[in-house]
Amino acid sequence: MAGQSVLTSQNEDFPKWYQDVVAKAEMADNGPVRGTMVIRPYGYAIWERMQSEIDSRIKATGAQNAYFPLFIPESYLHREAEHVEGFSPELAVVTHAGGEELAEPIVVRPTSETVIGEFMAKWIQSYRDLPLLLNQWANVVRWELRPRLFLRSSEFLWQEGHTAHASAEDASQYVMKIHVEVYHDFLETVLAVPTYLGIKPPSERFAGATNTMTCEAMMRDGKALQMATSHELGQNFAKAFDIFFQNEEGQAALCHTTSWGASTRLVGGLIMAHGDDNGLIVPPAVAPTQVVIIPVRDDEEVLQACQSLFVELSRERPSRIVVDKGRGSFGRRVTDWEIKGVPLRVEVGPRDLAQGLVTVVRRDTGEKFAVSHVEARTLIQGLLETIQNDMYASATSFRDARTVDVTTLAEAIEAAQSGFARLPWDRVGASGETRLNAEAITVRCLQRGDGTIPASDLEDGLVAIVAKSY
RNA sequence: CGGGAAGUAGCGCAGCUUGGUUAGCGCGCCUGGUUUGGGACCAGGAGGCCGCGGGUUCGAAUCCCGCCUUCCCGACCA
């Protein structure tokens, strides 16, 4: 039976592989209404760990959590011209409630710039009230034509930050801080996913923004996925919602606002950035279960050894280690835990016990270690850190190997069949974008030559990273 | 909305062309037993408005008409 695969292989059919993993790892199910998603306990546990890591980083920048309503008056959306144009096609609108037709339709929030803008206007009086730094964890609804679990669902969970500042410089600096110290740091150190940071070309900008930044990751099929975005909104929303403040000279001035978000799409990104033909590979930092102890046989001596190992290991990482006493064959249980991507597996059987050993197996590399009961504890602690680092390193080398520098659109189109292409932005232009789009390729982001984030798409010498994307 | 495919048990499918007793198979599930070092096996069992509505017929999962839904491929999005 060895080697018989439970999942469709990535090479054979990547989208099918993704669907198989999501189902068999018990991550999520389709909801009854098209495009909706049921997040199952295992998937939600991973999301909760992501939330807590992102939330603490957001708070470290000074922002506070709040909550705004799900229902937004339709008229709010119309106040910012580009915003309404961008979102109209994907709005869910409530026209009836309480058994009657509503005088004004209510939209289910696709994002909260508008309501939050309304209240910022109310709360901000003076420059002393600035910056106003808000964040909310919420669900949002965007009616999708082609939904996929986690990646594109009609309802999804996210955090959306909204801030107001006295000056463009302050807004710009703050949003840059969020982008780098919250998103990029989280992606790198927690999800172990390397990303290209850059700004979106005007064509890909958020509806109503003056500048949009992105973190672009590469999936195992070479396609790009935007893992988080941060927007400078300039004074567009401040104008639309009258977000004024009185400056030190006593004059009325318009605020500069920002918004930034990361969603349950991150879970999809995690799956596709790290998974292999045997299933998920979850980085230790977000793994709900970091270590699973599997008794090879269902006999007293083995179970006792498992239990005592469990007690020892639990001192260091309570609740993130389990003993699988489940029924079924050894092989079956091993496979099930592999699909779920648990970073470390400890096998304990009569053969191990006879030699006073246990077998520790890494999920990411498959490497096995036979160590004594006592050594296991320190080995496991070290291995979890090693796995976290190795996963980042391996994702980085995968991405780098599939990112190529080119100089023509034709070469870029060729390269984007299997990965990312980098080419001078001035070789693309509006007509270039059209040509790329015809091949289902988009400009994912613009960077400076040294890989840093430009202040604007008008800078000289920018490099465009282009790819197919989700 | 344009192009393609499919609706039969929780999931995946066969049966339909050529209508005919009680609608099958694999996985999963339940009971009991033997097992367990990479998806174990045996025996027994539960589970179906055959997508919906109409029609043809002595008789429809099967033929005819209409409708609905889902999935895949193209234009938008975290």
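Computed from a predicted structure; not experimentally measured. (Residues numbered from 1 in each chain as written. Chains lettered and ligands numbered in written order. Predicted model: local features only at pLDDT ≥ 70, side-chain atom pairs only at ≥ 80, totals over all residues. Heavy atoms only, no water.)

Notes on the overall build of chain A
No. 1: Counting its secondary structure elements, chain A contains 14 helices and 23 strands.
No. 2: The C-alpha radius of gyration of chain A comes to 25 Å, within 12% of the 23 Å expected for a compact globule of 470 residues.
No. 3: In terms of its C-alpha atoms, chain A occupies a principal-axis envelope of roughly 80 × 55 × 45 Å.
No. 4: By residue count, 54% of the 470 residues in chain A fall in the buried class.
No. 5: Sequence-distant contacts in chain A: of pairs separated by 6 or more residues, those separated by 24 or more amount to 67%. (Helix = DSSP H or I, 4+ residues; strand = E, 2+ residues; numbered from the N terminus. Rg over C-alpha atoms; globule rule 2.2 N^0.38 Å. Buried < 20%, exposed > 50% of the residue type's maximum accessible area, 1.4 Å probe, protein only. Contact = heavy atoms within 4.5 Å.)

Examining the layout of surface pockets
No. 1: There is about 1,400 Å³ of room inside the largest pocket.
No. 2: Together, 46 residues line the largest pocket, and Arg142, Glu144, Gln226, Arg265 and Tyr470 are the ones closest to its centre.
No. 3: Only α4 (81-87), β8 (155-165), β11 (224-234) and β14 (256-263) provide two or more residues apiece to the lining of the largest pocket.
No. 4: Along the lines of polarity and charge, the residues of the lining of the largest pocket split into 14 nonpolar, 16 polar and 16 charged.
No. 5: Structurally, the lining of the largest pocket is a two-domain feature, drawing no fewer than three residues from each of domain 1 (14-274) and domain 3 (403-467). (1 Å grid on protein atoms, 1.4 Å probe; cavity = no way out; pocket = protein on both sides within 12 Å on 5 of 7 lines; lining within 4 Å. Points joined across faces, edges and corners; volume = space filled by probe spheres on them. Nonpolar A, V, L, I, M, F, W, Y, C, P; charged D, E, K, R; others polar. Domains from an automatic or database assignment.)

As for the domain arrangement of chain A
No. 1: Taken as a whole, chain A is organised into domain 1 (14-274), domain 2 (291-384) and domain 3 (403-467).
No. 2: Put simply, the middle of domain 1 and the middle of domain 3, counted by C-alpha atoms, are 25 Å apart.
No. 3: With 24 residues of domain 1 in contact, the opposing surface of domain 3 contributes 20 residues.
No. 4: Here domain 1 and domain 3 share an interface that buries about 1,600 Å² over both sides, 61% of which is from carbon and sulfur atoms.
No. 5: Contact with domain 3 buries area across many residues of domain 1, yet Tyr196, Ile199 and Pro201 alone supply 35% of it, more than any other trio.
No. 6: Summed over the shared surface of domain 1 and domain 3, the number is two salt bridges. (Buried area = accessible area lost by both parts, 1.4 Å probe. Salt bridge = Lys/Arg side-chain N within 4 Å of Asp/Glu carboxyl O.)

Brief notes about the pairing of strand β21 (residues 420-424)
No. 1: With respect to burial, β21 is a largely interior element, four of its five residues being buried.
No. 2: A crossover connection joins strand β20 (residues 403-405) to the parallel β21 through helix α13 (residues 409-415); in handedness this β-α-β unit is right-handed.
No. 3: Where β21 and strand β23 (residues 463-467) come together, four bridges link them in antiparallel fashion. Counted as the bridge partner of Ala421 is Val466 from β23. (Right-handed = clockwise from strand over helix to strand, strands pointing away. Pairing = 2+ DSSP bridges.)

What about unusual backbone geometry?
Note on backbone geometry: most residues besides glycine have negative phi, and most peptide bonds are trans.
No. 1: Omega for the bond connecting Leu130 with Pro131 falls within 30 degrees of zero, at -5°, which places this linkage in the cis form.
No. 2: Here the phi dihedral of Ala192 falls at roughly 60°; this positive angle occurs in a residue that is not glycine.
No. 3: With respect to the helices and strands, the residue Ala192 is situated in the loop between α6 (168-189) and β9 (196-199).
No. 4: Residue Ala192 is classed as buried on the basis of its relative accessible area, which comes to 0%.
No. 5: One non-glycine residue, Ala440, adopts positive backbone phi at about 65°.

Concerning the nonpolar core
No. 1: Among the nonpolar cores identified, the biggest contains 79 residues, and Met27, Met50, Phe150, Leu191, Leu266 and Ile271 are the most heavily contacted of them.
No. 2: Dropping the residues within four chain positions of it, Phe150 is found in contact with Tyr18, Val22, Met27, Ala28, Met37, Ile39, Thr264, Arg265, Val267, Gly268 and Ile271.
No. 3: Within the second largest apolar cluster, 28 residues are counted, among which are Ile124, Leu130, Phe245 and Cys255. (Core = buried A, V, L, I, M, F, W, Y, C linked by side-chain atoms within 4.5 Å.)

Concerning the pairing of strand β15 (residues 291-295)
No. 1: Among the five residues that make up β15, five are buried, leaving the element largely enclosed by the rest of the structure.
No. 2: The alternating pattern of β15 places Val291, Ile293 and Pro295 and Val292 and Ile294 on opposite faces, both of which are buried.
No. 3: Strand direction decides the pairing type here: β15 and strand β16 (residues 321-323), joined by three bridges, are parallel. Pairing of Val291 across the sheet is with Ile321, part of β16.
No. 4: Assessed by its sense of winding, the connection that carries the chain from β15 through helix α9 (residues 300-314) to β16 is right-handed.
No. 5: Relative to strand β17 (residues 344-348), β15 runs parallel, the two sharing five bridges. Bridge assignment links Ile294 to a residue of β17, and that residue is Glu347.

Notes on the packing of helix α2 (residues 41-60) against α6
No. 1: At a minimum axis separation of 9 Å, α2 and α6 run at an interaxial angle of 145°. Where α2 crosses over α6, the two elements pack in a sense that is right-handed. Taken together, the residues of α6 that come into contact with α2 (itself represented by Met50, Glu53, Ile54, Arg57 and Ile58) are Glu181, Val182, Asp185, Phe186 and Thr189. (Axes fitted to C-alpha atoms, helices over the stretch in contact; angles between N-to-C directions. Left-handed = near helix turned anticlockwise from the far one by under 90°.)

Notes on empty space enclosed by the protein
No. 1: Applying the stated rule across the entire model yields three cavities of 30 Å³ or more.
No. 2: Estimates place the volume of the largest cavity at around 60 Å³.
No. 3: Lining the largest cavity we find Glu113, Ile116, Gly117, Met120, His162, Thr163, Leu233, Phe237, Ile243, Thr257 and Thr258.
No. 4: Of all the secondary structure elements, the ones that give two or more residues to the lining of the largest cavity are α5 (113-123), β8 and β14.
No. 5: For the lining of the largest cavity, the leading source of residues is α5, giving four residues.
No. 6: Of the residues that constitute the lining of the largest cavity, the class distribution is five nonpolar, five polar and one charged.
No. 7: Taken as a whole, the second largest cavity spans an internal volume of roughly 50 Å³.
No. 8: Surrounding the second largest cavity, Val292, Trp337, Glu338, Val342, Pro343, Leu344, Arg345, Val361, Arg362 and Arg363 form its lining.
No. 9: Elements that contribute at least two residues to the lining of the second largest cavity include exactly α10 (330-340), β17 and β18 (357-362).

Concerning the sheet that holds strand β6 (residues 100-108)
No. 1: If you trace the three strands from one edge of the open sheet to the other, you get β4-β6-β5, paired in antiparallel fashion. At either margin of the open sheet sits one strand with a lone partner, and together these are β4 (71-73) and β5 (92-97). Taken over all neighbouring pairs, the strand axes of this sheet differ in orientation by 45° on average, direction set aside.
No. 2: Alignment of β4 against β6, held across three bridges, turns out to be antiparallel.

What about the environment of Pro194?
No. 1: Structurally, Pro194 can be placed in the loop between α6 and β9.
No. 2: The exposure class assigned to Pro194 is buried, which follows from its relative accessible area of 5%.
No. 3: Each C-alpha atom, one on Pro194 and one on Ile39, is 25 Å from the other, the two residues being 155 residues apart in sequence.
No. 4: Not counting residues up to four positions away in its chain, the partners in contact with Pro194 are Glu216, Ala217, Tyr392, Ala395, Thr396 and Arg399.

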